[in-house]
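Residues per chain, in single letters:
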Amino acid sequence: MKVTLHGGAGGQVTGSAYHVQTGRANLLVDFGMFQGMANAHDHNRVPAELDVGKLDAVLLTHAHLDHTGRLPLLVHEGYTGPVFATPATIDITNLILHDSAKVQAQDLARLNRRRERAGEDPVAPLYGPAEVGQLMALAQPVPYDRPVDVAPGVRAWFLEAGHLLGSASIRLEVDEGERRRTVVFSGDLGPKGAPILRDAECVREPADAVFLESTYGDHDHRPFADTLAEFREVLAKAVEAKGKILVPTFAVGRAQLMLVLLAVFFRRRELPRFPVFLDSPMAAEASRIYLDHPELFDEELTALNGERPLRADLETLTITTTADESRTINDVPGPCLVLAGAGMCNAGRILHHLRQNLWKPETRVLIVGYQSEGTLGRQLVEGAKHVSIFGEKIVVRARVHTMGGFSAHAGQTDLLAWFDCLAASRPRVFLTHGEPRGREGLARQIQERYGIKAELPALGEVLDLHPRGQ
Ligand SMILES: [Zn+2]
């Protein structure tokens, strides 16, 4: 049995893709897009070594673009086999991939106008809505915690990963001749105790090999309770200042977390009720998908909803879909809170709100997600006094608050707690989905605690999973 890493390896976080080859079957676990690197375009293809014609099945851990973003390329190359995923992952993947096709078309329209003026040939998008539609027609829903025959001699179990609605770790049992081998893919793991989703479930059966994510393998996040207290405090002061509270947010996951937290603050009278705008059609759609899957909520949210639906505490929430509706927010006086994308302020409606409000001292900007280098969000976090939005110079008089504790990823302690269930079976451990710092920090802990030397595979590396010495 062999596993080839076509992404999320060699110190990279994005592009997750594992090609599993057994004596009888070929499958892919995730096929994500590379993001945020200069040469991402060169990587965002089907690797030459991957024979799509031989693939029996594709399995998805969760819907994030860095785990699903290359999937439509498979149908382009003739793939017609099944794509196994939990029902919520199928719903969110459909939303995210259609959005990705739309964003690619918009970005390329701009680029191609420039190329045309320069006398250059236009660049084609990776895929369009038609390929996304064809791919989604191949989706096969799987339940959590039950064996699914996914390919000849291969059974899969999907276990709650607590990272995103529908997210799963995947355990594969592979029959090869007389031997049975077990390989576990953690997928992205969520932090313990975070609201909305149940915590990640660890794998109690023994395993021969484990692929473990290591995004935050070198440290822990600030405790969630502290972040929550700070969030409430900042909101209370912002309401007193009577300004607009702008929250740049990812449409899937973070936006729903913000809405749930606001609803709970309002219900418990920990904050006075104020107008809230969800200014993102995609976040509105994602929220609808969350509401369609109450079976995935954790006990706390289930109990809160059982008392009275949380929506009842959000009567001050307005969902703005059209651009005209969005513009009406300009005339709404503070205090009010605006949730809008993009999460890193590099595109989307949040730019309009920032242009309208950053120069006002009563405005508050709440940064609740990661801001990568080179984005407007990062400039604000780093205290820029002036920024440029749509080519216009804007002075920053607003107060910017950065809250680092809202991560959807497990920190070091939670990663080790998840691995602890598997450690007794002494599996080979491969650390993926992490920058060098995260991988090395986690590898040191695994060595110290369990005496297991974790391996740090490179991009494109082929791992032979036959037991050593055979
Ligand atoms: Zn993820």
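To be clear, the structure that these remarks concern was listed above.
Worth saying up front: this structure is predicted, and the values here are computed from it rather than measured.

Colleague: For this particular structure, what's the right way to read the sheet that holds strand β20 (residues 428–432)?
Modeller: Paired through their backbone hydrogen bonds, the strands of a sheet run either parallel or antiparallel. In spatial order, the strands read β7-β8-β9-β10-β11-β20; together these six strands make up an open sheet with mixed pairing. Each end of this open sheet is capped by a strand with a single partner; those strands are β7 (148–151) and β20. Averaged over neighbouring strand pairs, the angle between their axes works out to 25 degrees when direction is ignored. Lying on the sheet, helix α13 (residues 412–423) is in contact with β9 (168–176), β10 (179–185), β11 (209–213) and β20; it crosses β11 at an angle near 170 degrees. Running at roughly 155 degrees to β20, helix α14 (residues 436–450) makes contact with β11 and β20 of the sheet.

Colleague: Which parts of the structure should I look at to understand the side chain of Thr-432?
Modeller: With respect to the element layout, Thr-432 can be found in strand β20. The exposure class of Thr-432 is buried, given its relative accessible area of 1%. Dropping the residues within four chain positions of it, Thr-432 is found in contact with Leu-5, Gly-8, Tyr-18, Phe-211, Leu-212, Glu-213, Ser-214, Arg-439 and Pro-457.

Colleague: Any chance you could explain α13 here in plain terms?
Modeller: A turn of α-helix holds 3.6 residues, and therefore any two residues three or four places apart point the same way. When the terminal C-alpha atoms of α13 are compared, their 16 Å separation across twelve residues agrees well with the 16 Å that a helix rising 1.5 Å per residue should span. Those residues of α13 not exposed but buried are Gln-412, Leu-415, Leu-416, Trp-418, Phe-419, Leu-422 and Ala-423. With its buried residues spanning 160 degrees around the axis, α13 presents them on a single face. If you follow the buried residues of α13, they end up packed against β9, β10, β11, β20 and α14.

Colleague: I'm lost on the pairing of strand β1 (residues 2–5) in this one. Help?
Modeller: A regular strand carries its side chains on alternate faces of the sheet. Taken together, the three bridges between β1 and strand β21 (residues 462–464) define a ladder with antiparallel strand orientation. Counted as the bridge partner of Val-3 is Leu-463 from β21. Across four bridges, β1 lies against strand β2 (residues 17–21) in antiparallel orientation. If you follow Thr-4 over to β2, its bridge partner there is His-19.

Colleague: Quick question: what am I supposed to make of helix α4 (residues 87–117) here?
Modeller: Between its first and last C-alpha atoms α4 spans 46 Å; for 31 residues at 1.5 Å apiece the expected length is 45 Å, and the two agree. Within two residues after α4, Gly-119 carries a phi angle of roughly 75 degrees, on the positive side.

Colleague: Whenever I open this one, the state of the cysteines confuses me. Can you help?
Modeller: Should the sulfur atoms of two cysteines be covalently bonded, the bond is a disulfide. For the structure on display, the rule yields one disulfide. One disulfide in the model links Cys-202 with Cys-421; its S-S distance is 1.9 Å. As the torsion about the S-S bond is roughly -65 degrees, the Cys-202-Cys-421 disulfide counts as left-handed. One end of the pair, Cys-202, is in the loop between β10 and β11; the other, Cys-421, is in helix α13, with 219 residues separating them in the sequence. Under the relative-accessibility criterion, Cys-202 is labelled buried at 13%.

Colleague: What is the right way to look at the coordination of the zinc ion in this model?
Modeller: Reference values for angles at a metal are 109.5 degrees in the four-donor tetrahedral case and 90 or 180 degrees in the six-donor octahedral case. Of the protein atoms, only His-62 (NE2), His-64 (ND1), His-163 (NE2) and Asp-188 (OD) coordinate the zinc ion, at distances of 2.2 to 2.4 Å. Given four donor atoms and angles of 88 to 173 degrees at the metal, the environment of the zinc ion is assigned as irregular. Considered as a linear motif, the donors of the zinc ion on their single chain read H-x1-H-x98-H-x24-D. In this pair, His-163 is assigned in the loop between β8 (154–160) and β9 and Asp-188 in the loop between β10 and β11, connecting sequence segments 25 residues apart.

Colleague: Explain the environment of Ala-238 here, please?
Modeller: By the secondary structure assignment, Ala-238 is in helix α6 (residues 224–241). When near neighbours in sequence (up to four residues on either side) are disregarded, Ala-238 contacts Gly-243, Ile-245 and Arg-364.

Colleague: What is the right way to read empty space enclosed by the protein from this model?
Modeller: By rolling a water-sized probe across the atoms, one finds the places where empty space is left. Within the structure shown, the criterion is met by two cavities of 30 Å³ or more. Computed from the structure, the largest cavity encloses a volume of approximately 70 Å³. Along the walls of the largest cavity sit 14 residues, with Tyr-18, Ser-186, Gly-187, Glu-213 and Thr-432 positioned nearest its centre. If you tally residues by element for the lining of the largest cavity, the top one is β11, at three residues. Its residues assigned to classes, the lining of the largest cavity shows four nonpolar, seven polar and three charged. Taken as a whole, the second largest cavity holds about 50 Å³ of empty space. In this structure, the second largest cavity is lined by Leu-60, Leu-71, Val-83, Ala-85, Thr-89, Ile-90, Thr-93, Leu-135, Met-136 and Ala-139. Breaking the lining of the second largest cavity down by element, the ones donating at least two residues are β5 (83–85), α4 and α5 (129–136). Looking at the lining of the second largest cavity element by element, the count peaks at three residues for α4. Here the lining of the second largest cavity is built from residues that sort into eight nonpolar, two polar and no charged.

The rules behind the values
- Here the residue index of a chain counts from 1 through its sequence in written order.
- Note on the predicted model: pLDDT of at least 70 is required for a residue's local features to be given, and 80 or more for side-chain atom pairs to be given and counted; whole-chain, interface and lining totals, by contrast, use all residues.
- Heavy atoms from the whole structure form the basis of all side-chain values; hydrogens and water molecules are not counted.
- Being paired, for any two strands, means DSSP has found at least two bridges between them.
- Only DSSP runs of H or I covering at least 4 residues are called helices, and only runs of E covering at least 2 are called strands; the numbering of each starts at the N terminus.
- Each axis is a line fitted through C-alpha atoms, taken for helices only over the stretch in contact, and angles between the N-to-C directions span 0 to 180 degrees.
- The criterion used for residue contact is that any of the two residues' heavy atoms lie within 4.5 Å.
- In this scheme, a residue with accessible area under 20% of its type's maximum is buried, one over 50% is exposed, and one in between is partly exposed, where area comes from a 1.4 Å probe on protein chains only.
- One less than the residue count of a helix, multiplied by 1.5 Å, gives the span that helix is expected to have.
- Here the arc refers to the directions that run from the helix axis out to each C-beta atom.
- Any pair of cysteine sulfurs within 2.5 Å is marked as a disulfide.
- Atoms are scored as donors when they are N, O or S and lie within 2.8 Å of the metal, with 3.2 Å used for Na, K and Ca; no water is included, so coordination may look incomplete.
- The rule is simple: four donors are tetrahedral if all their angles sit between 85 and 135 degrees, four are square planar and six octahedral if opposite donors span more than 155 degrees and the others lie between 65 and 115, and anything that fits none of that is irregular.
- Space inside and on the surface of the protein is sampled on a 1 Å grid over the protein atoms alone, with a cavity defined as a set of points where a 1.4 Å probe fits but cannot get out and a pocket as an open set with protein on both sides within 12 Å along at least 5 of 7 lines; lining residues have an atom within 4 Å of a point.
- Grid points are joined across faces, edges and corners, and a volume is the space filled by probe spheres set on the points.
- Gly falls in the polar group here, along with every residue not listed as nonpolar (Ala, Val, Leu, Ile, Met, Phe, Trp, Tyr, Cys, Pro) or charged (Asp, Glu, Lys, Arg).

Bear in mind that shape data such as this cannot, by itself, settle questions of function.
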